[in-house]
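Fold and contact review
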Amino acid sequence: MTEAWEASVEAKIQDAVQRGEFDDLPGMGKPIPGRGAPYDEAWWIKSFLEREALPSDLLLPTSLQLRRRIEQVPDEVRDLPTEQSVRDFVGQLNAQIVSWLRFPDDGPRVAVRPVNTEDVVRRWRAERARPELTSTVTEPATVVKPSRRHRTWWQLWRRRRG
């Protein structure tokens, strides 16, 4: 039974080859990607992330994803136009953090706390108030001789001994 099935499949493949259906296939004449590389069990995950242009952070457990988002808060709120939008962003992040704290998943136990909204807003205001440097001409650096206050401990110790 299987021999008859294999024979019919082979006959169909040969007919398709004679009709030229396998000519000009994409990738024809190109080497097989990853051939000769050591075997990687997660090759299909890596290729999927690369093909779909997804960040590799999606593979992290929720606690580590939240930790990374907390670290990136200053960069993410920098371009927000209003203080209310900064507060909304931090509020949404804090809602995700509180939700995870209530029902943590099976990931590693990483200390994750809600973000202090007032600190983020204060930093956002300070960054907005800071004047942008638009000068294209740079002044040469001047060497400032350190005062007595700026001497290191070993300089003071050496002076006493010596």
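Up top is the structure.
Because the structure is a prediction, the values reported are computed rather than measured.

What about the overall build of the chain?
Helix and strand counts for the chain stand at seven helices and zero strands. Helices (α) and strands (β) of the chain occur, in sequence order from the N terminus, as α-α-α-α-α-α-α. Among the 162 residues that make up the chain, the fraction classed as buried is 12%. For the chain, the accessible surface area stands at approximately 14,600 Å², while carbon and sulfur atoms represent 55% of it.

A few points about a nonpolar patch on the surface
On the surface, W5, V9, I13, V17, F22, L25 and M28 cluster together into a nonpolar patch covering about 680 Å² of accessible area. The residue W5 is located in helix α1 (residues 2–19) in this model. Looking at W5, the relative accessible area reads 60%, which means it is exposed.

Remarks on the nonpolar core
Counting residues in hydrophobic clusters, the biggest one holds 15 residues, and the most contacted among them are V77 and V120. Secondary structure elements with two or more residues in this core: α4 (73–77), α5 (83–102) and α6 (117–129). In terms of residues, this core owes the most to one element, α5, which gives six residues. Excluding residues within four positions of it along the chain, V120 makes contact with V73, V77, V86, V90 and V115.

Digging into α6
Between its first and last C-alpha atoms α6 spans 18 Å; for 13 residues at 1.5 Å apiece the expected length is 18 Å, and the two agree. For α6, the full list of buried residues reads V120, V121 and W124. Projection of α6 onto a plane perpendicular to its axis shows the buried side chains occupying an angular sector of 95°, all on one side. Exposed residues lying more than 90 degrees from the buried face of α6 are R122, R123 and A129. Looking at the packing, one finds that the buried side of α6 touches α4 and α5. Looking at where α6 begins, the residue whose side-chain oxygen comes 3.1 Å from the main-chain nitrogen of E118 is N116.

What about the packing of α5 against α6?
As a packed pair, α5 and α6 sit with axes 10 Å apart at the nearest point and diverge in direction by 145°. Pair α5 / α6 crosses with right-handed handedness. Only T117, E118, V120, V121, W124 and R125 of α6 make contact with α5, whose side of the interface consists of E83, V86, R87, V90 and N94. Its residues placed into classes, the contact of α5 with α6 shows five nonpolar, two polar and four charged.

Notes on the pattern of salt bridges
What the rule picks out here adds up to 10 salt bridges. Here D57 ties to R68 by a salt bridge, and the two come within 2.5 Å at their closest N and O atoms. Remark: R68 occurs in helix α3 (residues 62–71) and D57 occurs in the loop between α2 (43–51) and α3; sequence separation between them is 11 residues. Residue classification places D57 among the partly exposed residues on the basis of a relative accessible area of 25%.

About the criteria used
Residues numbered from 1 in each chain as written. Predicted model: local features only at pLDDT ≥ 70, side-chain atom pairs only at ≥ 80, totals over all residues. Heavy atoms only, no water. Helix = DSSP H or I, 4+ residues; strand = E, 2+ residues; numbered from the N terminus. Buried < 20%, exposed > 50% of the residue type's maximum accessible area, 1.4 Å probe, protein only. Areas by Shrake-Rupley, 256 points an atom, 1.4 Å probe, with all protein chains shown as cover. Patch = residues over 30% accessible without salt bridge, like charges linked within 9 Å, V, L, I, M, F, W, Y side chains within 5 Å. Salt bridge = Lys/Arg side-chain N within 4 Å of Asp/Glu carboxyl O. Core = buried A, V, L, I, M, F, W, Y, C linked by side-chain atoms within 4.5 Å. Contact = heavy atoms within 4.5 Å. Expected span 1.5 Å × (residues − 1). Arc of directions from axis to C-beta. Polar contact = N/O pair within 3.5 Å; in protein donor to acceptor, adjacent residues only side chain to side chain. Axes fitted to C-alpha atoms, helices over the stretch in contact; angles between N-to-C directions. Left-handed = near helix turned anticlockwise from the far one by under 90°. Nonpolar A, V, L, I, M, F, W, Y, C, P; charged D, E, K, R; others polar.

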